[in-house]
Amino acid sequence: MHLQLEYCLLLAAALFGIGIYGLVTSRNAVRVLMSIELLFNAVNINLMGFSNFLDPAGIKGQVFTVFVITVAAAEAAVGLAIILAIYRNRETIDMEQFNLLKW
């Protein structure tokens, strides 16, 4: 039984919307990173859905999804390291308190 493309697109759109909402409204740096992960997961669902819809025998969508997961893991590791370094110096993870790059 094949999953219809519309269901994949609806789920991905819902995840993407939640991720954008969390990215725009959150002041917590960890929540921002989690919102970015939701955006990546929405992209992965789109890749898998279109891959299954256009070429069910091929694995092109799965390969791209593995690359996106790899990039997301690297982004999460680097992002958490940066947040921990800022937390040690400023003792806050509030995004409005990150003024290290301002002149």
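Because the structure is predicted, anything quoted here is derived from the model rather than measured.

Thresholds applied
Residues numbered from 1 in each chain as written. Predicted model: local features only at pLDDT ≥ 70, side-chain atom pairs only at ≥ 80, totals over all residues. Heavy atoms only, no water. Axes fitted to C-alpha atoms, helices over the stretch in contact; angles between N-to-C directions. Helix = DSSP H or I, 4+ residues; strand = E, 2+ residues; numbered from the N terminus. Parallel < 35°, antiparallel > 145°, perpendicular 65-115°, else oblique. Left-handed = near helix turned anticlockwise from the far one by under 90°. Contact = heavy atoms within 4.5 Å. Nonpolar A, V, L, I, M, F, W, Y, C, P; charged D, E, K, R; others polar. UniProt positions renumbered as here; feature names shortened; annotations may be inferred.

(A) Molecular detail of the packing of helix α1 (residues 5-25) against helix α2 (residues 29-54). Viewed as axis vectors pointing N to C, α1 and α2 meet at an angle of 165°, and their least axial separation amounts to 8 Å. If you check the angle between α1 and α2, you find them roughly antiparallel. α2 is crossed by α1, and the crossing has left-handed handedness. Together, Leu5, Cys8, Leu9, Leu11, Ala12, Leu15, Phe16, Ile18, Gly19, Ile20, Gly22 and Leu23 of α1 and Val32, Ser35, Ile36, Leu38, Leu39, Asn41, Ala42, Ile45, Asn46, Gly49, Phe50 and Phe53 of α2 make up the contact between the two elements. Its residues placed into classes, the contact of α1 with α2 shows 18 nonpolar, six polar and no charged.

(B) Structural context of the UniProt feature "transmembrane region" (unreviewed entry) in the protein. The residues that UniProt annotates with the feature "transmembrane region" (unreviewed entry) are residues 7-24 and 63-87. Summarising residues 7-24: 100% helix, 0% strand, and an end-to-end C-alpha distance of 26 Å. Measuring from the first to the last C-alpha atom of residues 63-87 gives 36 Å, for a span that is 100% helix and 0% strand.

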